[in-house]
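Structural overview for review
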Amino acid sequence: MSRIGRKPIVIPAGVEVKVDEAEHTVSVKGPKGSLHSSYHPLMTVKVEGGELLVTRPNDEKQARSLHGLTRTNLNNMVEGVMHGFEKKLEVQGVGYRVAKQGKDLVMNLGYSHQVIVSDTEDITIEAPDPNTILIKGIDKQKVGQFAAEVREKRPPEPYKGKGIRYAGEHIIRKEGKAGKGK
């Protein structure tokens, strides 16, 4: 049996979970907002005594693979409405800067123009200093996707390491041209 799938999800105080077994949906409401999601009809989701339990009907391959996934997705929903998620990006390069102007993040990334990215209704962007970007939200998947889209504006290059990278990301560097023996 899935070790992750059989762990119960503890519902913290201040979080409200509603399960609609007929439509296979779960809605989670907490201090940071609310999230709604559907789950596979093969899985059974129940709220029992302050805990959210995910069970599977049998040990078939599809049921086993969905068991841990469903439990993790529901746990991320509970975690998101309680604490939220955050991705930190670093900007490296001479002249590469970011600044927040209203709801827009203005990035100077070595292009002939500025690159502008706006907050969405469920994602907020912060720029605490000119070389750091913080992306925050309650939906883990949307935060990660938005961070990937921002990173895509100028991915780190392998020769000098210039570009936008995740905090703690290691870029494998390449050696430049050897040139003729001068």
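Residues numbered from 1 in each chain as written. Predicted model: local features only at pLDDT ≥ 70, side-chain atom pairs only at ≥ 80, totals over all residues. Heavy atoms only, no water.

1. Observations concerning the sheet that holds strand β6 (residues 51-55)
Read across the open sheet, the three strands follow the order β1-β6-β5; overall the sheet is antiparallel. Since the sheet does not close on itself, it has two edges, and those belong to β1 (9-10) and β5 (44-48), each with one partner. (Pairing = 2+ DSSP bridges. Helix = DSSP H or I, 4+ residues; strand = E, 2+ residues; numbered from the N terminus.)

2. Considering the sheet that holds strand β8 (residues 97-101)
Spatially, the three strands line up as an open sheet ordered β8-β9-β10, and their pairing is antiparallel. Edge positions in the sheet fall to β8 and β10 (115-118), since each has one partner strand and no second. In this sheet, neighbouring strand axes are inclined to one another by 20 degrees on average, regardless of whether the strands run parallel or antiparallel. Two elements, β8 and strand β9 (residues 104-108), share five bridges in a ladder whose sense is antiparallel. Bridging across to β9, Val-98 finds its partner in Met-107. (Axes fitted to C-alpha atoms, helices over the stretch in contact; angles between N-to-C directions.)

3. Some words on the side chain of Arg-71
With respect to the element layout, Arg-71 can be found in helix α1 (residues 61-82). The side chain of Arg-71 is buried and forms no salt bridge, while Glu-79, the nearest opposite charge, is found at 8.8 Å. At 3.1 Å, the side chain of Arg-71 forms a polar contact with the backbone oxygen of Lys-7. Contacts of Arg-71, omitting those with residues within four sequence positions, involve Ile-4, Gly-5, Lys-7, Pro-8, Ile-9 and Val-54. (Buried < 20%, exposed > 50% of the residue type's maximum accessible area, 1.4 Å probe, protein only. Lys, Arg positive; Asp, Glu negative; His and termini not counted. Salt bridge = Lys/Arg side-chain N within 4 Å of Asp/Glu carboxyl O. Polar contact = N/O pair within 3.5 Å; in protein donor to acceptor, adjacent residues only side chain to side chain. Contact = heavy atoms within 4.5 Å.)

4. Some details on the packing of aromatic side chains
Counting across every chain of the model gives zero aromatic pairs. The lysine or arginine in question, Lys-87, covers the ring of Tyr-166, its NZ or CZ lying 5.5 Å from the ring centre. For the cation-ring pair, Arg-154 lies above Tyr-111, with the distance from its terminal atom to the ring centre recorded as 4.2 Å. (Phe/Tyr/Trp six-rings, centres within 6.5 Å; stacked < 30°, edge-to-face > 60°. Lys NZ or Arg CZ within 6 Å of the ring centre and 35° of its normal.)

5. Quick word on the pairing of β10
Successive residues of a regular strand alternate their side chains across the two faces of the sheet. On β10, burial follows the alternation: Val-115 and Val-117 on one face are buried, whereas Ile-116 and Ser-118 on the facing-out side are not. The antiparallel hairpin formed by β9 and β10 contains six residues in its connecting segment, where Gly-110 sits at a positive phi of about 85 degrees.

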